[in-house]
Amino acid sequence: MSKITAAITAVGAYVPEDILTNKKLEELVDTSDEWILSRTGIKERRILKDPSLGTSYLAIEAAKDLINKANLDPAEIDLIILGTVSPDMPVAASAVHVASQIGAVNAFGYDLQAACSSFLYGMSTGAAYIESGRYKKVLVIGADKMSSIIDYTDRTTCIIFGDGGGAALLEPNYEGLGLQDELLRCDSIGRNSLKIVAGGSLMPPSEETVAKKLHYVQQDGKTVFKFAVSNMAEVSAQIMERNNLINKDVDWLVAHQANKRIIDATAKRMNLTDEDKVLMNIHRYGNTTSATLPLLLSDYEKQFKKGDNLIFASFGGGFTWGATYLKWAYNS
Ligand code: UT7
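In this text, all values refer to a predicted model and were calculated from it rather than measured experimentally.

**Q** Give me the packing of helix α3 (residues 55–70) against helix α4 (residues 94–102): which residues, what numbers.
**A** Two elements in contact, α3 and α4, have axes whose closest approach is 9 Å; the angle formed by their N-to-C orientations is 40°. With respect to their mutual orientation, α3 and α4 come out oblique. For the element pair α3 and α4, the recorded crossing hand is right-handed. Across the interface between the two elements, Ser 56, Ala 59, Ile 60, Ala 63, Lys 64 and Ile 67 of α3 pack against Ser 94, His 97, Val 98, Gln 101 and Ile 102 of α4. Looking at the contact of α3 with α4 residue by residue, the class counts come to six nonpolar, four polar and one charged.

**Q** Which residues make up the site of the ligand, and what are the values?
**A** Taken together, 22 residues form the shell around the ligand, and within it Thr 31, Arg 39, Lys 222, Asn 259 and Asn 287 come nearest. A distance of 2.7 Å is found between an oxygen atom of the ligand and a side-chain nitrogen or oxygen belonging to Asn 259. Separating an oxygen atom of the ligand from a side-chain N or O atom of Arg 261 is a distance of 3.0 Å. If the ligand stood free it would expose 950 Å²; the protein chains cover 73% of that surface. Structurally, the ligand is housed in the second largest pocket. Listed by contribution, the elements that provide at least two residues to the shell around the ligand are α2 (33–40), α8 (221–242) and α9 (260–269). At four residues, the largest contribution of residues to the shell around the ligand is made by α8. Partitioned by chemical class, the residues of the shell around the ligand number ten nonpolar, seven polar and five charged.

**Q** Outline the side chain of Asp 163, supporting the account with residue identities and numerical values.
**A** You can see Asp 163 is positioned in strand β7 (residues 163–173). As a buried residue without a salt bridge, Asp 163 has its nearest oppositely charged side chain in Lys 145, at a separation of 6.1 Å. Here the side chain of Asp 163 touches Ser 147 through a polar contact of 2.7 Å, side chain to side chain. Once residues lying within four places of it in the same chain are set aside, the contact partners of Asp 163 are Val 15, Pro 16, Arg 46, Ile 47, Leu 48, Leu 58, Asp 144, Lys 145, Met 146, Ser 147 and Thr 288.

**Q** Please set out the packing of α8 against α9 residue by residue, giving values where relevant.
**A** Look at α8 against α9: their axes get within 8 Å of each other, and the N-to-C directions meet at 30°. With respect to the hand of their crossing, α8 and α9 are arranged in right-handed fashion. For the pair formed by α8 and α9, the contact residues are Phe 225, Ala 228, Val 229, Met 232, Ala 233, Glu 234, Ser 236 and Ala 237 on the first element and Arg 261, Ile 262, Ala 265, Thr 266 and Arg 269 on the second. By residue class, the composition of the contact of α8 with α9 is eight nonpolar, two polar and three charged.

**Q** Can you tell me about unusual backbone geometry, naming the residues and giving the values?
**A** Most peptide bonds adopt trans geometry, and most residues besides glycine take a negative phi value. Cis geometry is adopted by the peptide bond preceding Phe 319, which originates at Gly 318 and carries an omega value of 0°. As for its position among the elements, Phe 319 is in the loop between β12 (309–316) and β13 (320–327). Within the chain, Thr 289 stands out as a residue other than glycine whose phi angle is a positive 55°. Among the structural elements, Thr 289 can be located in the loop between α10 (282–285) and α11 (292–300). According to the relative accessible area criterion, Thr 289 is buried, its value standing at 3%.

**Q** Explain the packing of aromatic side chains to me, using residue names and the numbers behind them.
**A** Throughout the structure, instances matching the rule amount to eleven aromatic pairs. For the pair Phe 108 and Tyr 110, a centre-to-centre distance of 6.3 Å together with 40° between the ring planes defines the contact as tilted. The class for Tyr 110 is partly exposed, based on a relative accessible area of 24%. Judged by centre distance (4.7 Å) and plane angle (65°), the rings of Phe 304 and Trp 328 are edge-to-face. Residue Phe 304 is found in the loop between α11 and β12, and its partner Trp 328 is found in the segment after β13; the two are separated by 24 residues along the sequence.

**Q** Explain the sheet that holds strand β1 (residues 5–14) residue by residue, including any values.
**A** Ordered by their spatial adjacency, five strands build an open sheet running β1-β7-β6-β4-β5, and the pairing between neighbours is mixed. Edge strands, defined here as strands with exactly one partner in the open sheet, are β1 and β5 (108–112). Between one strand axis and the next, the sheet turns through 20° on average, direction left out of account. Where strand β4 (residues 79–83) meets strand β6 (residues 138–145), five bridges bridge the pair, whose relative direction is parallel. Note that in β6 the partner of Leu 82 across the bridge is Ile 141.

**Q** Please provide a residue-by-residue account of the environment of Gly 318, values included.
**A** Of note, Gly 318 is situated in the loop between β12 and β13. Gly 318 gets classed as partly exposed once you look at its relative accessible area, which sits at 28%. Residues Gly 318 and Lys 195, spaced 123 residues apart in sequence, show a C-alpha to C-alpha distance of 7.9 Å. When near neighbours in sequence (up to four residues on either side) are disregarded, Gly 318 contacts Asp 187, Ser 188, Gly 190 and Arg 191.

Cut-off values and rules
- Residues numbered from 1 in each chain as written.
- Predicted model: local features only at pLDDT ≥ 70, side-chain atom pairs only at ≥ 80, totals over all residues.
- Heavy atoms only, no water.
- Axes fitted to C-alpha atoms, helices over the stretch in contact; angles between N-to-C directions.
- Helix = DSSP H or I, 4+ residues; strand = E, 2+ residues; numbered from the N terminus.
- Parallel < 35°, antiparallel > 145°, perpendicular 65-115°, else oblique.
- Left-handed = near helix turned anticlockwise from the far one by under 90°.
- Contact = heavy atoms within 4.5 Å.
- Nonpolar A, V, L, I, M, F, W, Y, C, P; charged D, E, K, R; others polar.
- Near = heavy atom within 4 Å.
- Polar contact = N/O pair within 3.5 Å; in protein donor to acceptor, adjacent residues only side chain to side chain.
- Areas by Shrake-Rupley, 256 points an atom, 1.4 Å probe, with all protein chains shown as cover.
- 1 Å grid on protein atoms, 1.4 Å probe; cavity = no way out; pocket = protein on both sides within 12 Å on 5 of 7 lines; lining within 4 Å.
- Sits in = over half its atoms within 2 Å of the grid points.
- Buried < 20%, exposed > 50% of the residue type's maximum accessible area, 1.4 Å probe, protein only.
- Lys, Arg positive; Asp, Glu negative; His and termini not counted.
- Salt bridge = Lys/Arg side-chain N within 4 Å of Asp/Glu carboxyl O.
- Phe/Tyr/Trp six-rings, centres within 6.5 Å; stacked < 30°, edge-to-face > 60°.
- Pairing = 2+ DSSP bridges.

Spelled out as structure tokens, the structure:
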């Protein structure tokens, strides 16, 4: 039998209806539409306003979108990996709730946290299960209700993040399509540059941590920017070299949507002169953390052709980063 590769065979997505524009943010903090757009490329982001709904809602809706589009029987799903930094609760994995809510009655599931690289790392994990022959249908979801962990009086973070969810189904492929190669990295040099200080075992929540707003995301933007530009661009170029790909061989760059300037720098390092190859939706959703990559896949799915070469790239807190080379497996 030919070698099993792990291919994406369906995608789905969900973003909440409520739109938070740059103009609206001007009323909340000292900022401007012009500053946000020129420094990040973001025009608006989606917010899940209902306080009774957590990240699992975004994940469930994204999974349902995939199931409907692919006409998939959820009972056939073996495993659900939910990449997220904002689970419904610290204990009781959100993926388990997702499995039950979508009718994945034969699946097991767990959450995976690697900041903005959660989806990319999740694809790696899911692909390994498929390649080993152990499971046939792995649903990898990236979802985050970032608005639940953002301080809307902090202009250095609240302008960036938004809420959303996306999903991709991995299945065995015998034609050599799907995941080809990956370069995943991490370095705790970034531990203090992008973090939520309180709420974990190192600093359990208390009245004091809440009063000091230590349960919200804090970011040293300049430092993260510097590392993101150099590391994401470097692994993307390395994975091309390692697979003997030159710019014309790459059909699509699927890069984490943190800042348009970081994405442009990565594309430049890869010599991608054709802007149309660089997937972009940051202007509509902002940085949805674990959801950026599957949201891109869903938005651009119709343009992908069977056999297209996709390079995924991500960079996130920790630091975590990486690049993945994948051959698209279907025409939609
Ligand atoms: O997804 C996970 C990984 N995260 C990232 O990749 C994010 C990486 N970082 C960034 O995208 C950028 O650093 C930011 C968008 C967060 C900030 O852009 P920047 O060009 O690095 O701005 P800066 O922090 O260097 O600040 C420049 C100036 C400062 O004023 P002074 O000191 O030059 O007078 C800031 O106080 O802009 C000021 N500033 C703002 N002005 C208006 C900072 N935030 C804002 C704001 N509106 N929201």
